[in-house]
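Summary of structural features
Chain by chain, the residues run as shown.
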Amino acid sequence: MQCVASHPDTRSAFLQANIPYFLYPFLHTVSKTRPFEYLRLTSLGVIGALVKTDEQEVINFLLTTEIIPLCLKIMESGSELSKTVATFILQKILLDETGLTYICQTYERFSHVAMILGKMILQLAKEQSARLLKHVVRCYLRLSDNGRAREALRQCLPDQLKDGTFLNCLKDDNSTKRWLSQLLKNLETPGMPTGPGGMNLAP
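Residues numbered from 1 in each chain as written. Predicted model: local features only at pLDDT ≥ 70, side-chain atom pairs only at ≥ 80, totals over all residues. Heavy atoms only, no water.

Among the nonpolar cores identified, the biggest contains 60 residues, and Ile67, Leu143 and Leu161 are the most heavily contacted of them. Residue contacts for Ile67: discarding those within four places in its chain leaves Tyr24, Leu27, Ile47, Leu62, Ile89 and Ile93. (Core = buried A, V, L, I, M, F, W, Y, C linked by side-chain atoms within 4.5 Å. Buried < 20%, exposed > 50% of the residue type's maximum accessible area, 1.4 Å probe, protein only. Contact = heavy atoms within 4.5 Å.)

Listed below in structure tokens is the structure:
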């Protein structure tokens, strides 16, 4: 199914037939037994294959579905591998301009994403995983490209991303270190007053 989802000759028909909807019940499951975890991971793999194509058609389709809250649920409580794939899917949605605008459009959407990413950082501080941390940092960096989200992140970015907690974890990962450095630079308080566009995301 991953091949069908990612192949340019079949991808559009795959979406038009609403096949991803048939995978969502597997993403809703909460059982941590191996068979259910395998189903979740396989279903996430199909969605991951879709977003990996970087096609606007894919993002537009996914934004009309419940994939973002489903990914956030798995990012909060799934296995490390499921969390990694779910975070990758969110990352690819955010990297699309339409996806970033959608998530930052309302306080509720942004705050839900920021809350889950924050919980993940707290958990990663206890059980470090460079692979998962990489995708979380990339999500934060992309959010900081949005003016409203950037203002909010100045208030809610976890201290663990600022105090060197992950220095050892990232010692061999230059790209993630660069992303984290850029994120912190983006969130530096500007010396000049914020203009009319710098609206805060506080409710």
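Okay, the side chain of Ser144 next. Tracing the backbone through its elements, the reader meets Ser144 in the loop between α10 (130-143) and α11 (147-156). Owing to a relative accessible area of 1%, Ser144 belongs among the buried residues under this scheme. A distance of 2.5 Å separates a polar side-chain atom of Ser144 from the backbone oxygen of Leu141. Excluding its chain neighbours within four sequence positions, the residues that come into contact with Ser144 are Arg150, Leu153, Leu183, Asn186 and Leu187. (Helix = DSSP H or I, 4+ residues; strand = E, 2+ residues; numbered from the N terminus. Polar contact = N/O pair within 3.5 Å; in protein donor to acceptor, adjacent residues only side chain to side chain.)

Where helix α9 (residues 107-126) contacts α10, the two axes come as close as 11 Å, and the packing angle between them is 145 degrees. Crossing hand, α9 versus α10: left-handed. Together, Phe110, Val113, Ala114, Leu117, Gly118, Met120, Ile121 and Leu124 of α9 and Leu132, Leu133, Val136, Cys139, Tyr140 and Leu143 of α10 make up the contact between the two elements. For the contact of α9 with α10, the class distribution of residues is 13 nonpolar, one polar and no charged. (Axes fitted to C-alpha atoms, helices over the stretch in contact; angles between N-to-C directions. Left-handed = near helix turned anticlockwise from the far one by under 90°. Nonpolar A, V, L, I, M, F, W, Y, C, P; charged D, E, K, R; others polar.)

Bringing α11 into the picture now. Of the residues making up α11, those classed as buried are Ala149, Glu151, Ala152, Leu153 and Arg154. Taking the backbone nitrogen of Arg148 as reference, a side-chain oxygen 3.1 Å away marks Asn146 as the first, capping residue of α11.

With that out of the way, let us pick up the pattern of salt bridges. Between side chains of opposite charge, pairing is possible as soon as their charged atoms come close. Within the structure shown, the criterion is met by nine salt bridges. Within this structure, Glu97, Arg142 and Asp145 form a network of salt bridges that share partners. (Salt bridge = Lys/Arg side-chain N within 4 Å of Asp/Glu carboxyl O.)

Moving on, we get to helix α3 (residues 19-28). In an α-helix, one turn spans 3.6 residues; hence positions three or four apart end up facing the same way. Taken as a whole, α3 has its buried residues at Pro20, Leu23, Tyr24 and Leu27. Buried residues of α3 fall within an arc of 125 degrees about the axis and therefore sit on the same side. Against the buried residues of α3 lie α2 (11-16), α4 (34-51), α5 (56-62) and α6 (67-77). (Arc of directions from axis to C-beta.)

This structure, assessed with the given rule, holds zero disulfides. No disulfide involves Cys71; its sulfur sits 9.8 Å from that of Cys139, the nearest cysteine. Look at Cys71 and you get buried, because its relative accessible area is 1%. Sulfur of Cys104: no disulfide; nearest cysteine sulfur belongs to Cys156 and is 11 Å away. Its relative accessible area of 3% is what places Cys104 among the buried residues. (Disulfide = S-S within 2.5 Å.)

This brings us to the confidence of the model for the protein. Across the protein, the average pLDDT comes to 91, with 93% of residues at 70 or higher. A low-confidence stretch, residues 192-203 stays under pLDDT 50, and its non-local contacts, those more than four residues away or across chains, total 13 contacts. (pLDDT = per-residue confidence, 0-100.)

What follows covers a nonpolar patch on the surface. Taken together, Phe26, Phe36 and Leu39 make up a surface patch of nonpolar side chains, about 230 Å² in accessible area. In this fold, Phe36 is placed in helix α4. Given the relative accessible area of 36%, Phe36 is considered partly exposed. (Patch = residues over 30% accessible without salt bridge, like charges linked within 9 Å, V, L, I, M, F, W, Y side chains within 5 Å. Areas by Shrake-Rupley, 256 points an atom, 1.4 Å probe, with all protein chains shown as cover.)

This paragraph deals with unusual backbone geometry. The backbone phi angle of Asn18 is positive, close to 55 degrees, even though this residue is not glycine. With respect to the element layout, Asn18 can be found in the loop between α2 and α3.

Once that is clear, we can look at the packing of aromatic side chains. One pass over the structure, following the stated rule, counts two aromatic pairs. Between the aromatic rings of Tyr21 and Phe61, the centroid separation amounts to 5.8 Å while the plane-to-plane angle is 75 degrees, which identifies the pairing as edge-to-face. With Tyr21 in helix α3 and Phe61 in helix α5, the pair connects residues that are 40 residues apart, well separated along the chain. On the accessibility criterion, Phe61 (12% relative accessible area) is buried. (Phe/Tyr/Trp six-rings, centres within 6.5 Å; stacked < 30°, edge-to-face > 60°.)

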